[in-house]
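Coordinate inspection notes
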Amino acid sequence: MIRYGFVLWTSARQQWVYRAELGLRCISMVLFMGVFMALWSTAFGVSGQQELAGYRLAEMVWYLAMTETIVLSTSRVFVEISEAVKAGDLAYTLARPLSYPFYQLANSLGNSAPRFLLNLLTAAVVVTLGIRQVAGSPAGLVAFLGMATLALLLDSLIAVLIGLSAFWIEEVSPAFWIYQKLLFTVGGMFLPLEMFPQWLRRVAGWLPFQFITYVPARAFVAFEPGFVLRSVAGQVMYAVVLVVLITVVWQRAQRRLVVHGG
Amino acid sequence: MTTIQVEGLTKTFITREKQPGLRGSMRALFRPLRRETPAVKDITFTVEEGERVAFIGPNGAGKSTTIKMLVGILHPTSGQALVLGKVPWRERARLAYDIGAVFGQKSQLWYHLPPADSFDLLARIYEVERATYRQRLDYLVELFEIGDHLQVPVRKLSLGERMRCEIAASLLHHPRILFLDEPTIGLDVVVKQRIRDLILELNQQEGVTIFLTSHDAGDVEVLCKRAMVINHGEVIYDGRVSTLRRDYIHAKTVSLKLGEPWQGFDGPGVEVLKHTGYGVKLKVDTTVAPIEEVVGRLLAQYSIADITVDNPPMEEIIARIYTRRNA
């Protein structure tokens, strides 16, 4: 277990090497928040109401800041995995006494964690400067941090799964594209689930995507113990499902590797 | 003590063939054409502890396939093998702790980080105790002379420097066997020599069994006492390198870049393979004319800008082995 922790740590440290890129990513956060703060201010202004679907303007903006923080920290490890599969490199990883998918999971988390912290900081600064309000509570923050960690875990698990699918489908980027768009929509990245029509809200409630973007952000702006507990339970459940799925998929993949030689 | 025992090892790859065109794609979807490619055919050999064995052959001969089976990352179609008493493809994870593997074309070091970080990570992965690791690292750093490269990101190292770090990395957990798959590929002559020397020293100091594959006969001459020549999946020669050299490597090629036009060379056993402008390629039959003598005379006769002396290509050595066999 510790070995994987070390993989995570090494991956996190490698982020420092890419610090120029990280800096540029911050700019995209600033731009995104800038645009949406303006958009929502206008939307609220035009509607003439104090609350839309139960969100005040400040809460709406902070909600967005949180979902965007998570989304900007999501994993790209599927690229590394799918390229390794295509290059036939994967067979060599079997020579090490480590489980490849869990190695990549640790790698992915190590990659996401520093980016998450940086994105969170940037978003917090931009929004506080922008609307001069903080629409969250300390309890909400704690809940957010915990749930965002689980969210990134879910995202990394999905990324690993997408990467492994390269064994069967040539191009995995469409799969990632679909996943990302689902995060944006039924995941509640752009609009909180409260704004969905009832039927869509119910469907989204069962899907894994909202456990990645919607629930941590919601917990921050509207902390409520019951909601937090239910959401965490959902996140954990999906994590277990994904781990099982990865284990099964990897067993199949390994069989192909050791028979066909990658 | 026998470290590697192979008996009747066979590997046949089954690939799906797709014929060109839309018709071909459709057919491949419903009734794929299966082609069997035998890569390794019924090979048998034993390797003792501390031996230095070279497994040489041309590209596609089955060298990498054999090593992959011995490391356990490929399942054979039939046959048996025991590495350190374990069946590699069944006990791969456990075996991994006792063997080291360097695959010439694949790096195990993290590209953007210095080798020191990769070493630390590998030490953890292989569960090497901190104290042991420190000592081991110091020893390997000194042996492979990589002290100056430890903190430089791997992407900034030259191929030769990287290779030395790769080999050092594969030895951190003190394996009993070191598998090297084409370790000197892409390296220039001087660097190749250095790496061969280092591996030799390692074997002499620690008694690590060395199993090396290469398509460069030069790797064999210096480093290994025993050579197995493999061609089309079959071992066609298994014996001492000195015997191989004596019986089958009878020629050297000399490539020259002259500072003046070529005017021929007077002497037995020297054949001009080709000459264009100021470049000349000669084949010297070393049973008739010792190479030092020929080179010496060439240097005296011509002004030479560049000279390279090479072993005959693998294909030629193999051709000779076949001829001998059939004779």
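**Here we look at the overall build of chain B**
Tallying secondary structure elements over chain B gives 11 helices and 13 strands in all. Taken along the three principal axes of its C-alpha coordinates, chain B extends 65 × 55 × 45 Å. Taking the contacts inside chain B whose residues are at least 6 apart along the sequence as the reference set, 70% of them involve residues at least 24 apart.

**Overview of the interface of chain A and chain B**
Taken together, the contacts link 18 residues of chain A with 22 residues of chain B. Elements with a contribution of two residues or more to the side of chain A that touches chain B: α1 (2-17), α5 (90-93) and α11 (225-260) of chain A. It is α1 of chain A that contributes the most residues to the side of chain A that touches chain B, six residues altogether. Its residues placed into classes, the side of chain A that touches chain B shows 11 nonpolar, four polar and three charged.

**Some words on the domain arrangement of chain B**
Frequently, the measure chosen for interface size is the accessible area removed from exposure when the parts meet. Domain parsing of chain B yields domain 1 (2-247) and domain 2 (250-310). Taking only C-alpha atoms into account, the centre of domain 1 of chain B sits 36 Å from that of domain 2 of chain B.

**A short note on the sheet that holds strand β11 (residues 270-276) of chain B**
All names here are of chain B. One open sheet holds the four strands; their spatial order is β11-β12-β10-β13, and the pairing between them is antiparallel. Looking at strand neighbours, the two that pair on one side only are β11 and β13 (304-310), the edges of this open sheet. Pairwise comparison of adjacent strand axes, ignoring direction, gives a mean angle of 20 degrees for this sheet. Here six bridges tie β11 to strand β12 (residues 279-285), and the two strands are oriented antiparallel to one another. Among the inter-strand pairings, K274 is bridged to a residue of β12, identified as K281.

**Some words on helix α7 (residues 138-164) of chain A**
With 27 residues, α7 of chain A should reach 39 Å at 1.5 Å per residue; the first-to-last C-alpha distance of 39 Å fits that figure. Extensive coverage of α7 of chain A is indicated by the burial of 20 of its 27 residues.

**Focus on the sheet that holds strand β6 (residues 177-181) of chain B**
Residues and elements named next belong to chain B. Taken together, six strands build an open sheet; the order of strands is β5-β6-β7-β3-β8-β9 and the sheet is mixed. Every other strand in the sheet has two partners, leaving β5 (99-103) and β9 (234-240) as the edge strands with one partner each. Averaged over all pairs of adjacent strands, the angle between their axes in this sheet comes to 15 degrees, without regard to strand direction. Note that β5 and β6 share five bridges and pair parallel. Within β6, the position partnered with A101 by the bridge is F179. Packed on one face of the sheet, helix α6 (residues 159-171) meets β5 and β6 and runs near 160 degrees to β5.

**Remarks on the packing of α1 of chain A against helix α6 (residues 100-131) of chain A**
All names here are of chain A. Contact pair α1 / α6: the axes reach a minimum separation of 7 Å and the direction vectors enclose 40 degrees. Relative to α6, the element α1 lies oblique. As for how α1 packs across α6, the hand of that crossing is right-handed. In this structure, α1 contributes Y4, V7, L8, W9, T10, S11, A12 and Q15 to the contact, and α6 contributes F102, Y103, A106, N107, L109, G110, N111, A113, P114 and R115. Grouping the constituent residues of the contact of α1 with α6 by class yields 11 nonpolar, six polar and one charged.

**Re unusual backbone geometry**
Working note: non-glycine residues mostly have negative phi, and peptide bonds are mostly trans. All names here are of chain B. Phi angles above zero are rare outside glycine, and E145 is one such case at about 55 degrees. Summarising the element assignment, E145 is placed in the loop between α5 (130-144) and α6. For E145, a count of 13 C-beta atoms within 10 Å translates into the label partly exposed. A positive phi is found at H232, a non-glycine position, where the angle reads about 50 degrees. Its location among the elements puts H232 in the loop between β8 (226-231) and β9.

Parameters and conventions
- Residues numbered from 1 in each chain as written.
- Chains lettered and ligands numbered in written order.
- Predicted model: local features only at pLDDT ≥ 70, side-chain atom pairs only at ≥ 80, totals over all residues.
- Helix = DSSP H or I, 4+ residues; strand = E, 2+ residues; numbered from the N terminus.
- Contact = placed C-beta atoms within 7 Å.
- Nonpolar A, V, L, I, M, F, W, Y, C, P; charged D, E, K, R; others polar.
- Domains from an automatic or database assignment.
- Pairing = 2+ DSSP bridges.
- Axes fitted to C-alpha atoms, helices over the stretch in contact; angles between N-to-C directions.
- Expected span 1.5 Å × (residues − 1).
- Buried ≥ 20, exposed ≤ 12 C-beta atoms within 10 Å, placed from the backbone.
- Parallel < 35°, antiparallel > 145°, perpendicular 65-115°, else oblique.
- Left-handed = near helix turned anticlockwise from the far one by under 90°.

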